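A closer look at the structure
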Amino acid sequence: MGIQMMSRMKVCDNSGAKIVQVIQVLGKKRGGTVGDVIVVSIKSADPDSKKVKKGEVHRGLIVRHKTEPKRPDGTYLRTSDTSCILLQPNGQPLGTRIRGVVSASLDRQRFMKVFSMCRAVI
């Protein structure tokens, strides 16, 4: 099905946000999947964070999905949660680290910085 409007998900970078709610999936009429850019509202944030505050609106990138579709080689990959990272207005990541793994189905040309910050690509 994918990520829809009003879906809540965890943030897996160190920007200070913990939980976000999806306002809109950009460029699609239906739900979003890994690699889609979304507009999110921050619902829970670290109180000492200088980068983000609760209630702010940011763009995000979906990097993990709990039920990822079938890959071209016929395998399925399931992670424990659905997570995103926050993006700056110019498209670069807001945080400096990404916790956990990142799906390999991201666009390598557009999000090369995300691949260099993550621990592993699956």
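Going by the structure above, here's the rest.
Residues numbered from 1 in each chain as written. Predicted model: local features only at pLDDT ≥ 70, side-chain atom pairs only at ≥ 80, totals over all residues. Heavy atoms only, no water.

1. Describing the pattern of salt bridges
Put simply, the test is: By definition, a salt bridge exists where a carboxyl oxygen of Asp or Glu is found within 4 Å of a side-chain nitrogen of Lys or Arg.
Within the structure shown, the criterion is met by 2 salt bridges. Residues Asp36 and Lys28 are paired through a salt bridge, measuring 3.2 Å at the closest nitrogen-oxygen approach.

2. Overview of the pairing of strand E5 (residues 83–87)
Condition: Exposure classes here rest on a 1.4 Å probe applied to the protein chains alone. A residue is buried below 20% of its type maximum, exposed above 50%, and partly exposed in between. A run of DSSP states H or I qualifies as a helix once it reaches four residues; a run of E qualifies as a strand once it reaches two. Both are numbered from the N-terminal end. Whether two strands pair comes down to DSSP finding at least two bridges between them.
Most of E5 sits out of view: 5 of its 5 residues are buried. Going residue by residue along E5, you find Ser83, Ile85 and Leu87 tucked away on one face and Cys84 and Leu86 tucked away on the opposite face as well. Pairing geometry for strand E1 (residues 8–11) and E5, over 2 bridges, is parallel. By the bridge assignment for E5, Val11 is matched with Cys84.

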